Amino acid sequence: MATILPIGHMIDTGRGTIGRELFVAPEIYRQELEKLFTRTWLFVGHESQIPQPGDFFVSRMGEESVILCRDPQGSVHVFLNSCRHRGMKVCRYESGNTSLFVCPYHSWSYTTDGRLQGVPLYRALYEGQLNRGEWSLIETPKLHIYKGTVWASWDPAAPDFMTYLGDAVDHLDQVLDCRDGRPGGSEVIGIHKWILPTNWKFAAENFLGDTYHNPSHRSVDMIGIGPSARAGQTGRRDNEYNAGQHIWVSFPQGHGVHSVWMPEAFDYQPSYQQYPAVDEYFRHCFHERQKRLGDKARIMPFTGNLFPNTSYHGRQPRGLCVWHPHSPTETEAWRFFLVDADAPAEVKDVLRRFYMRYSGPAGMTEQDDMENWLYATKSSTGTIARRYPFNYQQSIGAFRHNDPVPGDVSVQITEQNARNYYDTYARYLQGDGWDSLLGIGPSVRRAAE
Amino acid sequence: MIAATVGGPEWFALKHDAEEFLYMEADLLDQRRFREWLDLLADDLVYFMPVRRNVKFGQHDEKENTRQGEGISWFDEDKWTLGKRVEQILTGVHYAEEPLSRVTHMVSNVRLLQVTPSPTDPAEIVVGSRFLVYQNRVEYETNMFVGRRTDTLRRHGESWLIARREMILEQNVLLAKNLSILF
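These figures come from a predicted structure and were not determined experimentally. (Residues numbered from 1 in each chain as written. Chains lettered and ligands numbered in written order. Predicted model: local features only at pLDDT ≥ 70, side-chain atom pairs only at ≥ 80, totals over all residues. Heavy atoms only, no water.)

## A closer look at the overall build of chain B
The following threshold applies: Under the scheme used here, helices are H or I runs from DSSP no shorter than 4 residues and strands are E runs no shorter than 2 residues, and both carry numbers assigned from the N terminus. A radius of gyration in this sense is built from C-alpha atoms; the matching globule rule multiplies 2.2 Å by the number of residues raised to 0.38. Note on classification: 1.4 Å probe, protein chains only; a residue is buried when its accessible area is under 20% of the maximum for its type, exposed when over 50%, partly exposed between these limits. Contacts are assigned to residue pairs with any non-hydrogen atoms lying within 4.5 Å of each other. Reported accessibility uses the Shrake-Rupley method at a 1.4 Å probe radius. Residues are deemed covered only where the shown protein chains occlude them.
Of the regular secondary structure elements, chain B holds 4 helices and 7 strands. Starting at the N terminus and ending at the C terminus, chain B contains elements arranged as β-α-α-β-α-β-α-β-β-β-β. Relative to the globule expectation of 16 Å for 183 residues, the C-alpha radius of gyration of chain B, 17 Å, shows essentially globular dimensions. A principal-axis box enclosing the C-alpha atoms of chain B has dimensions of 50 × 40 × 25 Å. A total of 183 residues make up chain B; the buried ones form 51% of that total. Here the contacts in chain B between residues at least 6 apart in sequence split such that 62% fall between residues at least 24 apart. In the form shown here, chain B has an accessible surface area of approximately 8,500 Å², with 51% of it arising from carbon and sulfur atoms.

Structure below.
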């Protein structure tokens, strides 16, 4: 077995280096599954996927299959998708509606609130031995629904979701709220699932605030694929934020975002120019949003990553992406595409078409990301390659605290979000307590000083 | 419109004609003659590859495939978008296809499913086929895409234009990192 240096040696954010072992070593990967994915809050799905009692959607947490479902009373649960008897998956459909999950192996069955109901030949074989109440489906001890999105954690001691999210909430809201500023109101219009031969952190880091990779998307920027491309505009999306200051913000819980801080007074930039009705709709939403949100309307989103593996695109396109680990060098990507549930049909149609040509494995923009992540992973597995850490020195020290928004804010392209992410990551792998993981412990303060 | 039933020299000639067209079209893609390939597409083309889901027995017709015109599929697009895909490849900096993949399209099981109005005067035909697309790129990266295709071909002089292409890929979670090639 290869010798793995202590995590503190592999992650040196003061100097700006991160060891390649983090992206390729099976030993590190195993620790991530045990110490990180068992504790953090993870995105599992969206309420719009399970509107009715009995509705279910099979999701993942880390490497493991879980069932998101709504019981007859309307409560939402997340269960490990594994029979308590011999472990068979109790559900192999992606979604649907049911009153029971029946294990195909020995026919144990579970209700949608997780209780073990049916045990064949119970009287003859189990009477007096098996207490059904003790053999329910394994349920996440923590679950939280925020503006339609469902999050869960396997750690009973995990802090509540809003504490975990912290000040990143103002940025996530720009993804989840209606375009006119009403809270929540989004729906999932479809999902892409695909396998990519890369370490999951390459993908998370890409969304965390790596704006430096912009040149890799030169081909789409040259040809123009945005919502105004047919009206002659180049680039891969509309320029909605011309008047704003780009900001890269990191948060003590490990989250990082790339947003834009708009000036005090700013006007709507014409968008969706080949679709006058859609342009008009977004113009209307823009003004409503400014009225509703006031100063908070100045935050406009690009991308972000909520620690550890849930990324988002804020507007063009709009959706959540989860990078499920499969192995050190293999990731299963799930992208959930979002629209306002009550948007007009014409608007939804224009959006979904744009999402498909931009995002995912067939998306003209993201194909180039996947190519980069694949070969970055592959060429880091070598014995010699592993001796040389990655460079994370970009814009070290160039950030301000809580100005103009809460968090560590950079106004130049930076790897500060990534350095903060890996500092947080190290605390998980060291097995720190929750104060430290939330960035409020004494050890964190000491390190900062 | 008649359903295409086997028989008669006109029917065989028409089937042969459709096969030759599909093989020629596949060859243009494999030879990377992308712009010439675009010329085979009707201006009102629908190019559709659904996402396929694992559903309970009895729900396949209703729920297995995403639907054209709704929600999110792998492809649900028009000629303009395919033109953009070709333009992107031809920039030379579309890194997912730079260097270019090596691709072979195998087309088989060709059947005439529908002929409008008749085999002697076919204005539009619906052709079913199977595809096996082999992609190899850079050194070791290899993908196999296998599935069914249903094409609507529209008479265009001595040849055809593709007016509609539906591609049913036999996968649920996509096992390739990208769909950077044309089907």
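## Quick word on the overall build of chain A
Across its full length, chain A carries 14 helices and 22 strands. For 449 residues, the compact-globule estimate of 2.2 N^0.38 gives 22 Å, and the C-alpha radius of gyration of chain A, at 23 Å, lies within 12% of that figure. With the C-alpha coordinates aligned to their principal axes, the bounding extent of chain A is approximately 75 × 55 × 40 Å. Across the 449 residues that make up chain A, the buried fraction comes to 61%.

## Brief notes about helix α10 (residues 345-358) of chain A
All names here are of chain A. Let me state the cut-off plainly: In this analysis, the expected span of each helix is defined as 1.5 Å times one less than the number of residues it contains.
Across its 14 residues, α10 extends 20 Å between first and last C-alpha, which sits within 8% of the 20 Å expected from 1.5 Å per residue. Within the sequence span of α10, burial applies to Val347, Val350, Leu351, Arg352, Phe354, Tyr355, Met356, Arg357 and Tyr358. Residue glycine 360 follows α10 closely and has a positive phi angle near 80°.

## Side note on the pattern of salt bridges
Residue and element names in this part refer to chain A. For clarity, the threshold we go by: Salt bridges are identified by distance alone: a Lys or Arg side-chain nitrogen within 4 Å of an Asp or Glu carboxyl oxygen.
For the coordinates displayed, the defined rule picks out 48 salt bridges over all chains. For arginine 70, the salt bridge identified is with glutamate 47, shortest N-O distance 3.1 Å. Pair noted here: arginine 70 is in strand β5 (residues 64-70) and glutamate 47 is in the loop between β3 (42-46) and β4 (55-61), with a separation of 23 residues, a long-range link. Under the relative-accessibility criterion, arginine 70 is labelled buried at 11%.

## Some thoughts on helix α1 (residues 9-30) of chain B
Residues and elements named next belong to chain B. Here α1 spans 31 Å end to end across 22 residues, near enough to the 32 Å set by a 1.5 Å rise per residue. Of all the residues in α1, the buried ones are Trp11, Leu14, Ala18, Glu19, Phe21, Leu22, Glu25, Ala26, Leu28 and Leu29. Where the residues of α1 are buried, they touch α2 (34-38), β4 (102-118), β5 (121-137), β6 (141-156) and β7 (159-169). The positive-phi residue at the C-terminal boundary of α1 is arginine 32, with phi of around 60°.

## Regarding the pairing of β4(B)
Residue and element names in this part refer to chain B. Heads up, the rule is: Any two strands with at least two DSSP-identified bridges between them are counted as paired.
One ladder, built from 14 bridges, connects β4 with β5; its direction is antiparallel. Bridge assignment links proline 117 to a residue of β5, and that residue is proline 122. Counting the residues between successive antiparallel strands, the hairpin from β4 to β5 contains 2 residues.

## Quick look at the domain arrangement of chain A
Residues and elements named next belong to chain A. Test applied: For the domain bounds, the source is a domain assignment made automatically or taken from a database. Values labelled buried area give the accessible surface lost by two parts on being combined, using a 1.4 Å probe and summing over both. In the analysis that follows, any N or O atom pair within 3.5 Å is treated as a polar contact, provided that within protein one partner can donate a hydrogen and the other can accept it, and provided that, for residues neighboring in sequence, both atoms belong to side chains. Residues are grouped as follows: Ala, Val, Leu, Ile, Met, Phe, Trp, Tyr, Cys and Pro are nonpolar; Asp, Glu, Lys and Arg are charged; all remaining types, including Gly, are polar.
For chain A, the assigned domains read domain 1 (12-16 + 168-448) and domain 2 (42-143). For domain 1 versus domain 2, the separation of C-alpha centres amounts to 33 Å. Each partner contributes residues to the interface: domain 1 has 18 residues there, and domain 2 has 13 residues. Summed over both sides, the interface between domain 1 and domain 2 buries roughly 1,200 Å², with carbon and sulfur atoms accounting for 64% of that surface. Linking domain 1 with domain 2 are 2 salt bridges, by the criterion used here. For the interface between domain 1 and domain 2, the tally reads 3 residue pairs in polar contact (both at pLDDT 80 or more). Looking at the side of domain 1 that touches domain 2, the elements with two or more residues in it are β13 (186-196), β18 (319-327) and β19 (330-340). Take the side of domain 1 that touches domain 2: its biggest share by element is 6 residues, from β18. Looking at the side of domain 1 that touches domain 2 residue by residue, the classes come out as 9 nonpolar, 6 polar and 3 charged.

## Describing the packing of helix α9 (residues 276-293) of chain A against α10(A)
All names here are of chain A. Note the cut-off: Every angle, taken between N-to-C directions, lies between 0 and 180 degrees, and every axis is a line fitted to C-alpha atoms, over only the stretch in contact when it is a helix. We call two directions roughly parallel when the angle between them is under 35 degrees, roughly antiparallel when it is over 145, roughly perpendicular when it lies between 65 and 115, and oblique otherwise.
The contact between α9 and α10 brings their axes to 9 Å, and the two run at 100°. The angle between α9 and α10 places the two elements in the roughly perpendicular class. Contacts from Ala277, Val278, Tyr281 and Phe282 of α9 reach α10 at Glu346, Val347, Val350 and Leu351. Residue classes in the contact of α9 with α10 are distributed as 7 nonpolar, no polar and 1 charged.

## A short note on the nonpolar core
Using the following cut-off: Residue types Ala, Val, Leu, Ile, Met, Phe, Trp, Tyr and Cys, when buried and joined through side-chain atoms within 4.5 Å, form a set referred to as a nonpolar core.
A:Tyr422, A:Tyr425, B:Phe145 and B:Phe183 are the most contacted members of the largest nonpolar core, which has 125 residues in total. The dominant element in this core, judged by the number of residues it contributes, is α1(B), at 8 residues. Counting contributing residues, this core receives three or more from each of domain 1 (12-16 + 168-448) and domain 2 (42-143) of chain A. Among all residues touching A:Tyr422, those that are not within four sequence positions of it are A:Ile11, A:Ile18, A:Leu22, A:Phe23, A:Lys201, A:Glu205 and A:Tyr392.

## A look at the sheet that holds strand β1 (residues 11-12) of chain A
Residues and elements named next belong to chain A. An order of β1-β2-β20 is seen for the 3 strands of this open sheet, with the pairing classed as antiparallel. At either end of the open sheet lies a strand with only one pairing partner, and these are β1 and β20 (390-391). With 2 bridges connecting them, strand β2 (residues 17-18) and β20 associate as antiparallel partners. Note that in β20 the partner of isoleucine 18 across the bridge is phenylalanine 390.

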